[in-house]
Amino acid sequence: MYAMVQLVLIVVQFVMLLALAPFIVGVIRKVKARLQCRRGAGLLQPYADLAKLFRKQPVRSSTTSWIFTAAPYIVFASTVAAGLLMPVFLSHTPLNFAGNIIALVYLLALGTFFLILAGLDAGSAFGGMGSSREAIVATLAEPAMMLSILAIALTAGSTNLSTIVHQSALLEGVVLAPPAHLMALAAMFIVTLAETGRVPVDNPATHLELTMIHEAMLLEYSGRYLALMEWAAGIKLLVFLTLIVNVFAPWGIATSVAPLALVTGTAVYVVKVAGLAVVIGVIESMFAKLRLFRVPELLGAAFILALLALVFFYTLRG
Amino acid sequence: MFRIIKKSLATGVVTGQYPAAKAPSEPVSREAIEKAKPFRRSLTIREVDTGSCNACEMEMNALANPVYDVERFGVHIAASPRHTDALVVTGPVTVNMERALKDAYKQTPDPKLVIALGDCAINCGVFKGSYAVTGPVERHIPVDVRIAGCPPRPAEILAVLGELRKDRPNSDR
């Protein structure tokens, strides 16, 4: 019975990540459209886009190797695996034993690595440019992300995500170390914008190859490969949003497998993630994209914030 | 920063505030509507300029602005032919762009549509007979939809794209 429940919970979390990711992308696009005085596409448009791409016949360049065809599957699988390691609507993830928050970060890094290789594989100028830029952003974002996670792990006394989320959820809104938490949250938010290719760092709506980072690596892809890559990008965004929502504001998340708690946990989770998507949409409308050479400054600021979070944790511990 | 947000909230949605389109001179063929069936809810366009005077490009640009807002119909404009469902070709095919057009067509994944936009793409327009022009788009790749005009108005382009999204073609044709 216990094993059955756990299995069902894993499947539900898996389906939820896959199903919710295009919706979040749709919410961001809708907010941006409204702030540009446009009506914009419907919230379900990303689903239609994915369905269409899966029905198309992919084109492959004759100069590409197995990496080009394998990369979409690896990127998709590693992103989904990362999503399964973290608490989504229930503070005790069934797959909790499989890895802690560091495993999650490096599963995402594995996807980024193969994305970079795929961008290089076809040998086109724009793909290589996108790959080199993605490598810069990824290497600069990683230390900031690890430090902010470390600050949270120290306050919770564990690197296990379920433990962190469960502890702060039971506190009902009382944060153990508010300054450290706020600093880590700010750092994590900047890292999220950088890692998921949102506006101050990259523009997901750009058509100009020279300004692209993430999109430039996908220029060679078509059909189902492109669909998998775009879906994976959506899931990655959802994973980061979930991480922020559940680690920094886990109130309302289900702390037991009681049916009522699960239902409210799911509802609260969807509302929180959609709210964060609206915030990202507003930010994308308010800021211009940063010049590429200023991106390290932004990520440096994130790193400093995360470092301050650590310092605050040690100095304010009393 | 906040001024932008305040202004756009005060302005409200301006989509749809444009004069109605004239009826297209050439109706969209039944085969084209049939071919566009997989793209009714989502269509990605790649613009191929084979030597146009840029008037058609400006009208295409206008499609993406808040007034015409082509995105509300699920139409995107892509940066790569590999992402594309429909190639929109503008201008007469010049000697230098002939190969590029054929390459772009080859790199577009099946099923695909080709839309000839503007008089030049349909019959070379004012450039007919020039030594630099190798003929209309049709001579090089199969064309499914023609949108006449020099240049066609954005509302007319929208009307044709709307025609392609129709569930069943008008029975009187």
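Residues numbered from 1 in each chain as written. Chains lettered and ligands numbered in written order. Predicted model: local features only at pLDDT ≥ 70, side-chain atom pairs only at ≥ 80, totals over all residues. Heavy atoms only, no water.

**Regarding the overall build of chain B**
Our working definition: The helix count covers DSSP runs of H or I at least four residues long, the strand count covers runs of E at least two residues long, and both are numbered beginning at the N terminus. Based on C-alpha atoms, the radius of gyration is set beside the globule rule, defined as 2.2 Å times the residue count to the power 0.38. Relative accessible area decides the class of each residue, using a 1.4 Å probe on protein chains only: under 20% of the type maximum gives buried, over 50% gives exposed, and in between gives partly exposed. Areas reported as accessible are Shrake-Rupley estimates using a 1.4 Å probe. Residue values count occlusion only from the protein chains shown. For the purpose of charge, His is not counted, nor are the chain termini; Lys and Arg are scored as positive and Asp and Glu as negative. Charge coordinates come from a single atom per side chain, which is NZ of Lys, CZ of Arg, CG of Asp or CD of Glu.
Along chain B, the regular secondary structure elements total 6 helices and 5 strands. Over its C-alpha trace chain B gives a radius of gyration of 17 Å, about what one expects of a compact globule, namely 16 Å for 173 residues. Each principal axis of the C-alpha distribution contributes one length, and for chain B these read about 55 × 40 × 30 Å. Out of the 173 residues in chain B, the part that is buried amounts to 49%. For chain B, the accessible surface area stands at approximately 8,600 Å², while carbon and sulfur atoms represent 54% of it. Charged side chains of chain B number 24 positive and 20 negative; the gap between the two group centres comes to 4 Å.

**Some thoughts on the interface of chain A and chain B**
Often, the extent of an interface is quoted as the loss of accessible area upon association of its parts. Just so we agree on the cut-off: Contacts are residue-level and defined by heavy atoms, with any inter-residue pair within 4.5 Å sufficient. Two parts lose some accessible area (1.4 Å probe) when they are put together, and adding that loss for both gives the buried area. Only one rule defines a salt bridge in this text: a Lys or Arg side-chain nitrogen within 4 Å of an Asp or Glu carboxyl oxygen. Here a polar contact is recorded for every N or O atom pair within 3.5 Å, except that within protein the pair must consist of a potential hydrogen donor and a potential acceptor, and residues adjacent in sequence are included only if both atoms are side-chain atoms. Asp, Glu, Lys and Arg are counted as charged, while Ala, Val, Leu, Ile, Met, Phe, Trp, Tyr, Cys and Pro are counted as nonpolar; the rest, among them Gly, fall into the polar class.
Facing 32 residues of chain A, the contacting portion of chain B comprises 37 residues. Summing both partners gives a buried area of about 3,000 Å² for chain A against chain B, and 55% of it is carried by carbon and sulfur. The largest per-residue losses of area from chain A upon contact with chain B belong to Cys37(A), Lys56(A) and Met286(A), which jointly make up 21% of the total buried on that side. Here chain A and chain B share 5 salt bridges between them. Our enumeration of links across chain A and chain B arrives at 23 residue pairs in polar contact (both at pLDDT 80 or more). Contributions of two or more residues to the side of chain A that touches chain B are made by α1 (2-35), α2 (45-54) and α10 (259-286) of chain A. Among the elements that make up the side of chain A that touches chain B, the one with the highest residue count is α2(A) (4 residues). Classifying every residue of the side of chain A that touches chain B gives 13 nonpolar, 8 polar and 11 charged.

**Some words on the pattern of salt bridges**
Within the structure shown, the criterion is met by 16 salt bridges over all chains. Here Lys35(B) and Asp144(B) are joined by a salt bridge, their closest N and O atoms 3.0 Å apart. Taken together, the residues span a long stretch of sequence, with Lys35(B) in helix α2 (residues 30-35) and Asp144(B) in the loop between α5 (119-123) and β5 (145-147) at a distance of 109 residues. Each of Lys32(A), Arg198(A) and Glu284(A) takes part in a single network of salt bridges with overlapping partners.

**Quick look at the pairing of strand β4 (residues 113-117) of chain B**
All names here are of chain B. What counts here: Seen with the strands pointing away from the viewer, any crossover whose path from the first strand over the helix to the second strand runs clockwise is right-handed. At least two bridges found by DSSP between two strands are what make those strands a pair.
Counting buried residues along β4, 5 of its 5 residues qualify, which places the element largely inside the surrounding structure. Both faces of β4 are covered, namely the face carrying Leu113, Ile115 and Leu117 and the face carrying Val114 and Ala116. Taken together, strand β3 (residues 86-90), helix α4 (residues 98-107) and β4 form a β-α-β motif whose crossover is right-handed. Bridging between β4 and β5 involves 3 bridges; their strand directions are parallel.

**A closer look at the side chain of Ser148(A)**
All names here are of chain A. Position of Ser148 relative to the elements: it lies in helix α5 (residues 125-156). In this structure Ser148 comes out as buried when scored by relative accessible area, which is 0%. Those residues in contact with Ser148, other than ones at most four positions away along the chain, are Ala184, Ala187, Met188 and Ala306.

**Regarding the side chain of Thr94(B)**
As for its placement among the helices and strands, Thr94(B) is situated in the loop between β3 and α4. When near neighbours in sequence (up to four residues on either side) are disregarded, Thr94(B) contacts Thr50(B), Gly51(B), Ala132(B), Val133(B) and Thr134(B).

**Quick look at the packing of helix α3 (residues 66-85) of chain A against helix α9 (residues 223-248) of chain A**
Residues and elements named next belong to chain A. Rules: Angles shown run from 0 to 180 degrees and are taken between the N-to-C directions of axes, each axis being a line fitted to C-alpha atoms and, for helices, limited to the stretch in contact. Oblique is the label for every angle not falling under 35 degrees (roughly parallel), over 145 degrees (roughly antiparallel), or within 65 to 115 degrees (roughly perpendicular). The hand of a helix crossing depends on one turn: near helix anticlockwise from the far one by less than a right angle means left-handed, and clockwise means right-handed.
Packing of α3 against α9 brings their axes to within 9 Å, and their N-to-C directions diverge by 25°. Relative to α9, the element α3 is oriented roughly parallel. Note on packing geometry: the crossing formed by α3 with α9 is left-handed. Of α9, the residues touching α3 (which contributes Thr69, Ala71, Pro72, Tyr73, Val75, Phe76, Thr79, Val80 and Gly83) are Arg224, Tyr225, Leu228, Met229, Trp231, Ala232, Ile235, Lys236 and Val239. Class assignment for the residues of the contact of α3 with α9 results in 13 nonpolar, 3 polar and 2 charged.

**A look at helix α6 (residues 161-170) of chain A**
The periodicity of an α-helix, 3.6 residues per turn, causes residues three or four places apart in sequence to face the same way. Residues and elements named next belong to chain A. Of all 10 residues making up α6, 7 are buried, and the element is well covered by its neighbours. For α6, the complete set of buried residues consists of Leu161, Ser162, Ile164, Val165, His166, Ser168 and Ala169. Against α3, α4 (101-121), α5 and α9 lie the buried residues of α6. Capping of α6 at its N-terminal end is provided by Asn160; its side-chain oxygen lies 3.0 Å from the backbone amide nitrogen of Ser162.

**Topic: the environment of Pro38(B)**
Checked against the element boundaries, Pro38(B) lands in the loop between α2 and β1 (43-49). Considering only alpha carbons, one finds Pro38(B) and Leu101(B), 63 residues apart in sequence, at a separation of 23 Å.

**Thoughts on the environment of Val199(A)**
Residues and elements named next belong to chain A. Topologically, Val199 is positioned in the loop between α7 (178-195) and α8 (214-218). On the basis of relative accessible area, Val199 is assigned to the buried category, the value being 5%. When the C-alpha positions of Val199 and Ala141 are compared, they lie 15 Å apart, and in sequence the two are 58 residues distant. Apart from residues no more than four positions distant in its own chain, Val199 is found in contact with Glu284, Phe287, Ala288, Lys289 and Leu290.

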